[in-house]
Amino acid sequence: IFGPSGSGKTTLAKFVVRKLREESFGVRRAYWNCMSGSSKTEVLHGLAQDSGIGNHLPRDGTATSTFIDEFRETDDHIVAILDEVDALEDETLLLGLGDLPNVTIVAITIDEDDFFANHRLNGRVKSRFSSAETIRLRKFTNDELIDILLARIDAGLRPGVIGRDAIEYIADLAAGDARKAIKLLEKATRRVDRSDRSQITLEDIDAVHDEARQDLRQDHINS
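Below or above, wherever it landed, is the structure these notes cover. (Residues numbered from 1 in each chain as written. Predicted model: local features only at pLDDT ≥ 70, side-chain atom pairs only at ≥ 80, totals over all residues. Heavy atoms only, no water.)

A separate point is the environment of Ile 153. On the secondary structure map, Ile 153 appears in helix α7 (residues 142–156). Judged by its relative accessible area of 9%, Ile 153 falls in the buried class. Separated by 32 residues in sequence, Ile 153 and Leu 185 have C-alpha atoms that sit 8.7 Å apart. (Helix = DSSP H or I, 4+ residues; strand = E, 2+ residues; numbered from the N terminus. Buried < 20%, exposed > 50% of the residue type's maximum accessible area, 1.4 Å probe, protein only.)

A separate point is the nonpolar core. Formed by 29 residues in total, the largest nonpolar core has its most connected members in Leu 47, Phe 71, Leu 82 and Leu 97. Contributions of two or more residues to this core are made by α2 (40–51), α3 (64–73), β2 (77–83), α4 (93–98), β3 (103–107), α5 (112–117) and α6 (123–130). Beyond its immediate stretch of four places on either side in the chain, Leu 97 contacts Leu 44, Leu 47, Ile 68, Phe 71, Leu 82, Val 103 and Ile 105. Core analysis: the next-biggest nonpolar cluster, separate from the first, contains 22 residues, Ile 162, Ile 170, Ala 178 and Ile 200 among them. (Core = buried A, V, L, I, M, F, W, Y, C linked by side-chain atoms within 4.5 Å. Contact = heavy atoms within 4.5 Å.)

Across all of its chains, the model carries 18 salt bridges by this definition. Residue Arg 72 pairs with Asp 69 through a salt bridge whose shortest N-O separation is 2.7 Å. Here Asp 69 and Arg 72 lie together in helix α3, a separation of 3 residues that amounts to about one turn. In this structure Arg 72 comes out as partly exposed when scored by relative accessible area, which is 44%. Note on Asp 69: relative accessible area 32%, which makes it partly exposed. Its salt-bridge partner being Arg 190, residue Glu 186 comes within 3.2 Å of it at the nearest N-O pair. Linking Glu 186 with Arg 190, this pair stays in helix α9 (residues 178–194), spanning 4 residues, or about one helical turn. (Salt bridge = Lys/Arg side-chain N within 4 Å of Asp/Glu carboxyl O.)

Turning next to the packing of aromatic side chains. Applying the stated criterion across every chain, the model contains 2 aromatic pairs. Ring centres 6.3 Å apart and planes at 55° place the aromatic pair Phe 2 and Phe 115 in the tilted group. With Phe 2 in the segment before α1 (9–23) and Phe 115 in helix α5, the pair connects residues that are 113 residues apart, well separated along the chain. When the centroid spacing of 6.2 Å and the interplanar angle of 80° are considered together, the rings of Phe 115 and Phe 129 count as edge-to-face. Taken together, the positions of Phe 115 in helix α5 and Phe 129 in helix α6 put the pair 14 residues apart, joining distant regions of the chain. (Phe/Tyr/Trp six-rings, centres within 6.5 Å; stacked < 30°, edge-to-face > 60°.)

Right, here's the structure in full:
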């Protein structure tokens, strides 16, 4: 799955696997963000922890082949979601996982051209993924961002707390990035709540714009 930041790549992958698990017996999700640990051992340990398969194995001191054997021996089918897959230190791990008959890989990264043009990318890995099913996401339109915001507003805010003009203003500032739009809404809501007011204004959104951007940057650094 390729697409710009905030276009819903991770959300889409997790949603599809959740629906698959609802409709199919014996499916497990194994999610790992390779920015949080990019070595073979870190990735396999993370997948084991999320899936519950081999989660008794410690990260340190466990051979990568031991994790692979745990996945191979389970009767369940594993959908391994590898986020920020371009951060992998050794992409041959993708071959080791992909060769298991009960593992399906969903790989997520931003730029398709950068991923395949990477000079470090193993030829077999490049060949395998060049022939894989591909989904290319684009930035959200303003109307789509407004829909995303309205769902959260309906769920979490009283009627009248934020007007249509303010919602559209957030969508304009976010410029197609759902993560930024949601963060702006959250920050503006907290600002109004702290001041014991009942309505989010355009001025509130302007006031939290820099703080929201810094928060998103810090989230990325933390990961």
